[in-house]
Amino acid sequence: MKKFFGKVKAWFVAHKPTKRRLIQLYAALLTNANLKGFFTGKIYTGDTKKMCVPGLNCYSCPGAVGACPLGALQDSLAQSGKSAPAYILGILLMFGLLLGRLICGFLCPFGLIQELLYKIRTPKLRKNRFTRVLSYFKYVLLVIVIAVPLIYAGIPSFCKYVCPAGTLEGAVSLLANIQNSDFYGMLGYLFTWKFCLAVVIVVASVFIYRFFCRFICPLGAIYSLFNKISLLGVKLDKDKCIDCGLCVQGCKMDVKHVGDHECIQCGECISVCPVQAITWKGSQIFLKNTTPIDQPVVESGEKIALLELAKSNASVAVASADPEEVSGNVTESAQNANIEAESEFTATDGQEAAVGVEAQEEAVKPATEGAKKGGRLQAVKAAFKRPRFVVEFVAWVVAIAVLISALICYNLPERKSAAMLDLTVTTYKSAASEGEKDYSTVSDDNRRVKVLYFWRTDLEESVAAMEELNELATLYKQLDFADVVAIHSIYKDDRDVQAFIDEHGWNEYNVIFAQDDRETNAYGLVGGDISVPKPITAIISADGGVTLQKDRVLSMDEVINGVTTAMSAKVFKEGDTCPLFVLDRYNAEEGAKVSLLESRGKVTVLNYWYTDCDPCKAELPEFEKVYEDYDGAIDMFVIHSYSAVPSTGVQYFLDTAKDKNGRAWNSYKLTFAQDTQELNTYAMLGGKYAYPMTVIVNAEGKITFVNQGPCSEEVLKQEVEKALG
């Protein structure tokens, strides 16, 4: 058993990761700290996603907490028009000046993936003149990456057609999650092309060291421009260099000399150099503590035999080692020599000699173990006395603390809104209430949205809005979505509020009338000042969160969208009543709207799409045909994604582009509309990230059909007929 654990220990010692590998793993984990994304199948879209990470790491990776600089560059070039994208160019300039291609060697997650693939034991293709010439292809690709978005606005060519990181980290990671099974309906020839290309790059990386980095990566091409002037990296002391060529010969990249544009600054050549001419520039945090060695004097043009020089360096290194460590080694060697000599002299009788040796070994063993432990303790104490060791130790402690903090922050459950409204008011007698009764905004038996409307009997504006408020109250009572509560001011002036309600016939309304008081001060809780009477409208979610507050009477459309926004946490499925919403309309006069309320009583088809979605555009001609066949008997709304709006706008696309049959999009009879981030009706109806999506709502407002992915003409007609009943 002891031998087994000894072998295990020896294996781990032999295979322990290098310092560079630990940094690579650290960087990959830090830039993908949203680990819960791999389980939920959702992409992180928080504030840090606006910032760029140094290495190639796909924005669509479920774990990614930052943006890819290459993707951000293409997007900014496409969006910037005639102006330079200052932010992303500044970020790339900062990364380049500080680190250069050190980012490739230490911080790029996709570079780590390639190195791990190369560790698979197979025959390897060595670098040669052909690979050297081929390494310039990435610079050609860089020109294309920059030029295409400028010429063809909105096309991120590299991300869309080439990037294997996007395919493996983004697409494959999302598709592998069972919760994203709806995505398979979106897959087409473009995914097939990118997946095949990614497989080729993965296989090539097994046989060729960093295949993608050497021949394809435009981001590496950008950073290589800064290699000679970057603050951190490797440097060559030409005065010490003897032109032995071991550094270039041992390098797996296509370098001509240390630190050139193909060098990824990995630092592996430092240990190869026999004269220590290669060192780190700018920082020595990750460099082992070594004592500088004086080199033999070399006359101009004279070369010294490498073997002799290596032996000379080895002797000097031993002589310059830590005196305590050398003393300890000498003492231990002397003890071993004495034991051997003593055993030899006492071996007059075989059995007695063996017993004597064993006894002496047992006597020496505790002392030896104690000496080893003491030596280790002294070594640790000595290490902490060296400044560079302390700096490196502190750096690792800080780095680990940052990583742990990031993992905790990104993977904690999302917290609810801090703005909560928990209040109880007394109701008046009306059709919606039985008289004096407590009404709570967060009661467990009332899990509906609350529309709070603050009014006064002597404020004409608030009185005039009551009729429209009742229309909303009646509607939401039927849908069982929301309560509409009219809360009277603390001040009742000279009139009796109940008598005022009865006099105007409001006691037949479906509005819940209630009375504020000084103790509750509901008006003040929503931002009102009792000395300044005004009609305030507030919308409260089922759990008491304030989702909307305006110091005026809201229009019916605003209330409808406000109530729907307050229900955004709920996902509506087949059989549920579809939420109401009002959206801006395309192909119409300015200010035109699409309202699901106005479509009640008719079967309504909702189709979600975006301009770059090929399956979306491919099915719309069939939707147009179905809509024409029913000749106005149904409504059909084609709703564009809020997150994929092109820089030129959807209306520009409809005015200039044509469908697969050559027909202009603006000639369609379909009603085109625009979803919003606040409403996100796509997500409320079950959408994740898969497009297109089709939802059918019957005349009673019930959802009868939800389909993720393309929907054929036959299926669409069949489901419309079911909804028509």
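These figures come from a predicted structure and were not determined experimentally.

**Some remarks on the pattern of salt bridges**
Okay, so step 1: Per the counting criterion, the structure on display carries 23 salt bridges.
Okay, so step 2: Between Glu268 and Lys252 there is a salt bridge, with its nearest N and O atoms 4.0 Å apart. Here Glu268, found in the loop between helix 15 (246-250) and helix 16 (269-272), pairs with Lys252, found in the loop between helix 15 and helix 16; they are 16 residues apart in sequence, far enough to count as distant.
Okay, so step 3: Of the residues examined, Glu268 reaches a relative accessible area of 37% and is grouped as partly exposed.
Okay, so step 4: Lys252 sits in the partly exposed class, given a relative accessible area of 35%.
Okay, so step 5: The partner of Asp551 in a salt bridge is Lys534, and the shortest N-O contact between them spans 3.4 Å. With a gap of 17 residues between them, Asp551 in the loop between strand 11 (546-550) and helix 25 (556-566) and Lys534 in the loop between helix 24 (522-525) and strand 10 (537-540) connect regions that are remote in the sequence.
Okay, so step 6: Under the relative-accessibility criterion, Lys534 is labelled partly exposed at 28%.
Okay, so step 7: Linked by salt bridges that have partners in common, Arg20, Arg21, Glu115, Arg210, Lys252 and Glu268 make up one network.

**Considerations on the packing of aromatic side chains**
Okay, so step 1: Going through the model one piece at a time under the given rule, you end up with 24 aromatic pairs.
Okay, so step 2: Considering the side-chain rings of Tyr136 and Tyr139, the 6.1 Å spacing of their centres and the 40° angle between planes classify their relative orientation as tilted.
Okay, so step 3: Residue classification places Tyr139 among the buried positions, given a relative accessible area of 18%.
Okay, so step 4: Within the aromatic cluster, the residues linked to one another by ring pairs are Trp455, Phe500, Trp506, Tyr509 and Phe513.
Okay, so step 5: Over the ring of Tyr118 we find Lys124, and its NZ or CZ is 4.4 Å from the ring centre.
Okay, so step 6: Lying across the ring of Tyr209, Lys252 places its NZ or CZ 5.3 Å from the centre.

**Quick notes on a nonpolar patch on the surface**
Okay, so step 1: The grouping of Phe130, Leu134, Phe137, Val140 and Ile144 at the surface amounts to a nonpolar patch, some 470 Å² of accessible area in total.
Okay, so step 2: Taken together, the elements giving at least two residues each to the nonpolar patch come down to helix 8 (129-134) and helix 9 (137-151).
Okay, so step 3: For the nonpolar patch, the leading source of residues is helix 9, giving three residues.
Okay, so step 4: Structurally, the position occupied by Phe137 is in helix 9.

**A few points about the sheet that holds strand 10**
Okay, so step 1: In space, the seven strands of this open sheet follow the order 6-3-9-8-7-10-11, with mixed pairing throughout. Where the open sheet ends on each side, the last strands, each with one partner, are strand 6 (438-440) and strand 11. Each strand axis lies, on average, 30° off the axis of its neighbour in the sheet, ignoring direction.
Okay, so step 2: Two elements, strand 3 (residues 424-427) and strand 9 (residues 512-515), share two bridges in a ladder whose sense is antiparallel. Directly across from Thr426, in strand 9, lies its bridge partner Gln515.

Criteria and cut-off values
- Residues numbered from 1 in each chain as written.
- Predicted model: local features only at pLDDT ≥ 70, side-chain atom pairs only at ≥ 80, totals over all residues.
- Heavy atoms only, no water.
- Salt bridge = Lys/Arg side-chain N within 4 Å of Asp/Glu carboxyl O.
- Helix = DSSP H or I, 4+ residues; strand = E, 2+ residues; numbered from the N terminus.
- Buried < 20%, exposed > 50% of the residue type's maximum accessible area, 1.4 Å probe, protein only.
- Phe/Tyr/Trp six-rings, centres within 6.5 Å; stacked < 30°, edge-to-face > 60°.
- Lys NZ or Arg CZ within 6 Å of the ring centre and 35° of its normal.
- Patch = residues over 30% accessible without salt bridge, like charges linked within 9 Å, V, L, I, M, F, W, Y side chains within 5 Å.
- Areas by Shrake-Rupley, 256 points an atom, 1.4 Å probe, with all protein chains shown as cover.
- Pairing = 2+ DSSP bridges.
- Axes fitted to C-alpha atoms, helices over the stretch in contact; angles between N-to-C directions.

Interpretation in functional terms is not warranted from these geometric data alone.
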